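Okay, here's what each chain looks like letter by letter:
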Amino acid sequence: MARAAGLLAALAALLAAAVATGGDSRPGKIAVVGAGIGGSAVAHFLQQHFGPQVQIDVYEQQAVGGRLATISVNKQHYESGAASFHSLSLHMQNFVKQLGLRHRREVVGRSAIFGGEHLVLEETDWYLLNLFRLWWHYGISFLRLQMWVEEVMEKFMRIYKYQAHGYAFSGVEELLSSLGESAFVNMTQRSVAESLLQVGVTQRFIDDVVSAVLRASYGQSATMPAFAGAMSLAGAQGSLWSVEGGNKLVCSELLRLTKANVIRAMVTSVTLHNTEGKALYQVKYEGEVGKGSDFYDIVVIATPLASDNGSSSITFEDFDPPITVAQGSFQHTVISLVHGYLNSSYFGFPDPKLFPFASILTTDFPNFFSALDNICPVNISANFRRKQPQEAAVWRVQSPKHLSKTELKTLFRSYYSVQTAEWQAHPIYGSHTTLPRFELHDQLFYLNALEWAASSVEMMAVAAKNVALLAFNRWYQDLDKIDQKDLMHKVKTEL
């Protein structure tokens, strides 16, 4: 009885606040579920649009940053999640500038691709020699790949202009259609290999180079959808950067700037309450202090609604029609930070001093790891140098499961420590047949819907901006800014 009275009192207070400030008032309270880059960015964008008076509660059971995280080895911190960003990651670039963070100094290193028995491709210190080697082995396939990726990215970059003009999309398919018309949607339904073969890239280049990049970024093969593959391949080209002090600082600093109220709890359900025709959402949660709930005008789910077995940890109650959760599985990825001496003879270099590579990618052969990197700490001093190959260094090994002692001995002559992080890192593409929607209900949104088209830190930032605009446009009924056709023409006429 007391609980029912408390519920009625909370509803009455929220309704009274709405009436007192007028029908077109800003929302009183907003809930964001998840404090990774998506949740942190959407809290920031929501405050930008609705103003600093809006209370934003961010629910996070784990550490702020989500898949942006670090591990400490010998009193130094190293990236255990997303390690770097592409120069065209415009939202991330803007966050770093706005927050007063700095780019980490780059320590260059050479890469190679390992085919199981030998290295199939080796990078040199000379750009022209690298181009010659690519041409010698694969003809002009690398040029055709670059042209294909550039064409995709040129269209995708339109999203920043659309968002700058306040346009938003209610579903992933609508967003992709606005950027690439039917081409981008079709690219979510056909494989990378099929698309590249069509533009004249050879099967050998796909097997040796493209597969290695996709394994390193997604842990998947060239049979994955072409759109996600193109985003991954774009990230392998051009300059990459990371944040001095750790990439996760972007999340914590965005939440600090927003003055968001971070609640250390796991959200278990969202229940719809209709009061005087106005939708209110009750968020129930469980935390260290026990169970609780609160009411919100807007709720953003900024965490995957599908686990590794395809089930959701959040239930949606009293919605008519019922909210159906996007079903699909996630790629299990283990990151192992190994402090030790690399077994360079496994890669064909019996003398460790002659091993010249800081990064090893692998082709799509049956193997126990997908990538291996000699990594630098998140804080790099001016006199920092990368460890020589015969010295003990910190290596980051990416694998689908925990490395056994036999596998560790295969990669390392000896080692001092092994520390791991496990991620449900990316969707397993092909395990979900339809593109989900950002809009689950009037003011209930699913930010992570976009990662079913492609998954990266910048994609989550793009989704965050889209959801913030969608919530804003829905709240003030500015429907001309949602799911508009021919946006390139509209944006040009607005300039």
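Residues numbered from 1 in each chain as written. Predicted model: local features only at pLDDT ≥ 70, side-chain atom pairs only at ≥ 80, totals over all residues. Heavy atoms only, no water.

- The chain has the name Prenylcysteine oxidase-like in an unreviewed UniProt entry, where Erinaceus europaeus is given as its organism.
- The UniProt entry for the chain carries the following comment under Cofactor (unreviewed entry): "FAD".
- Listed in UniProt under the heading Sequence similarities (unreviewed entry), the comment for the chain reads: "Belongs to the prenylcysteine oxidase family." (UniProt positions renumbered as here; feature names shortened; annotations may be inferred.)

Digging into the overall build of the chain
- A tally of helices and strands in the chain yields 15 helices and 21 strands.
- Taking 2.2 N^0.38 as the reference for a compact globule, 495 residues should give roughly 23 Å; the C-alpha atoms of the chain span a radius of gyration of 24 Å, in line with that estimate.
- Seen through its principal axes, the chain has C-alpha atoms that stretch 75 × 50 × 40 Å.
- In the chain, which comprises 495 residues, the proportion classed as buried is 54%.
- Across the chain, contacts joining residues at least 24 apart in sequence account for 74% of those joining residues at least 6 apart.
- For the chain, the exposed surface amounts to about 22,400 Å²; the carbon and sulfur share of it is 53%. (Helix = DSSP H or I, 4+ residues; strand = E, 2+ residues; numbered from the N terminus. Rg over C-alpha atoms; globule rule 2.2 N^0.38 Å. Buried < 20%, exposed > 50% of the residue type's maximum accessible area, 1.4 Å probe, protein only. Contact = heavy atoms within 4.5 Å. Areas by Shrake-Rupley, 256 points an atom, 1.4 Å probe, with all protein chains shown as cover.)

Structural notes on the pattern of salt bridges
- Counted according to the given criterion, the structure contains 14 salt bridges.
- Taking the shortest distance from any N to any O, the salt bridge between Arg110 and Asp125 comes out at 3.8 Å. A residue pair is termed long-range when its members are at least 10 positions apart, and Arg110 in strand 6 (residues 110–114) and Asp125 in the loop between strand 7 (119–122) and helix 4 (127–138) qualify at 15 residues.
- Judged by relative accessible area, Arg110 falls into the partly exposed class, the value being 22%.
- Classification of Asp125 as exposed rests on a relative accessible area of 56%.
- A salt bridge links Arg474 to Glu439; the nearest nitrogen and oxygen atoms lie 2.4 Å apart. (Salt bridge = Lys/Arg side-chain N within 4 Å of Asp/Glu carboxyl O.)

Observations concerning the pairing of strand 18 (residues 393–399)
- With 7 of 7 residues buried, strand 18 lies mostly within the body of the structure.
- Here strand 18 shows a buried face lined by Ala393, Trp395, Val397 and Ser399 and a second buried face lined by Val394, Arg396 and Gln398.
- In this sheet, strand 18 lies alongside strand 15 (residues 330–342) in antiparallel orientation, the contact comprising 7 bridges. Pairing of Val338 across the sheet is with Trp395, part of strand 18.
- Relative to strand 18, strand 17 (residues 371–374) runs antiparallel, the two sharing 4 bridges. Considered in strand 18, the bridge of Asp373 is made with Arg396. (Pairing = 2+ DSSP bridges.)

Things to note about the environment of Gly200
- Checked against the element boundaries, Gly200 lands in the loop between helix 9 (192–198) and helix 10 (203–218).
- For the pair formed by Gly200 and Phe330, sequence separation is 130 residues and the distance between their alpha carbons is 31 Å.
- Not counting chain neighbours up to four residues away, the residues in contact with Gly200 comprise Ser141 and Arg144.

Describing the packing of helix 3 (residues 90–99) against helix 12 (residues 249–258)
- Put simply, helix 3 and helix 12 touch, their axes get as near as 10 Å, and they point 60° apart. It follows that helix 3 is oblique to helix 12 by the angle criterion. When you trace helix 3 past helix 12, the crossing you get is left-handed. Counting all contacts with helix 3, which are made through Met92, Phe95, Val96, Gln98 and Leu99, the residues of helix 12 involved are Val250, Glu253, Leu254 and Leu257. (Axes fitted to C-alpha atoms, helices over the stretch in contact; angles between N-to-C directions. Parallel < 35°, antiparallel > 145°, perpendicular 65-115°, else oblique. Left-handed = near helix turned anticlockwise from the far one by under 90°.)

So, the nonpolar core
- Ranked by internal contacts, the top residues of the largest apolar core, which has 128 residues, are Leu46, Phe95, Phe156, Phe227 and Val250.
- Top contributing element to this core by residue count: helix 14 (residues 457–475), with 12 residues.
- Not counting the four nearest positions on each side in its chain, Phe95 is found in contact with Ile37, Ala41, His44, Phe45, Val250, Leu254 and Ala461.
- In terms of nonpolar packing, the next biggest core, distinct from the first, is built from 21 residues, Phe114, Leu342, Phe365 and Phe368 among them. (Core = buried A, V, L, I, M, F, W, Y, C linked by side-chain atoms within 4.5 Å.)

Focus: helix 12
- Buried within helix 12 are the following residues: Val250, Cys251, Leu254, Leu255 and Thr258. Looking down the long axis of helix 12, one finds its buried residues gathered within 125° of arc, a one-sided arrangement.
- Looking at the buried side of helix 12, the elements it contacts are helix 2 (37–50), strand 2 (55–59), helix 3 and strand 9 (261–263).
- At the exit of helix 12 stands Lys259, carrying a positive phi of roughly 60°. (Arc of directions from axis to C-beta.)

Quick word on the confidence of the model for the chain
- Summary statistics for the chain give a mean pLDDT of 89 and a share of 92% for residues scoring 70 or more.
- Across residues 1–23, where pLDDT falls below 50, the model places 15 contacts with residues more than four positions away in sequence or in other chains. (pLDDT = per-residue confidence, 0-100.)

Considering the packing of aromatic side chains
- What the rule picks out here adds up to 28 aromatic pairs.
- Here the aromatic rings of Phe45 and Phe95 are separated by 5.6 Å at their centres, their planes lie at 45°, and the arrangement is tilted. Taken together, the residues span a long stretch of sequence, with Phe45 in helix 2 and Phe95 in helix 3 at a distance of 50 residues.
- Among the residues examined, Phe95 registers a relative accessible area of 1% and is labelled buried.
- Here the aromatic cluster, defined as three or more aromatic residues joined through ring pairs, consists of Phe114, Tyr346, Phe347, Phe349, Phe355, Phe357, Phe368 and Phe369.
- Sitting above the plane of the Tyr296 ring, Lys29 keeps its charged end 5.1 Å from the centroid.
- Its guanidinium or amino end placed over the ring of Tyr167, Lys481 lies 4.4 Å from that ring's centre, counting from NZ or CZ. (Phe/Tyr/Trp six-rings, centres within 6.5 Å; stacked < 30°, edge-to-face > 60°. Lys NZ or Arg CZ within 6 Å of the ring centre and 35° of its normal.)

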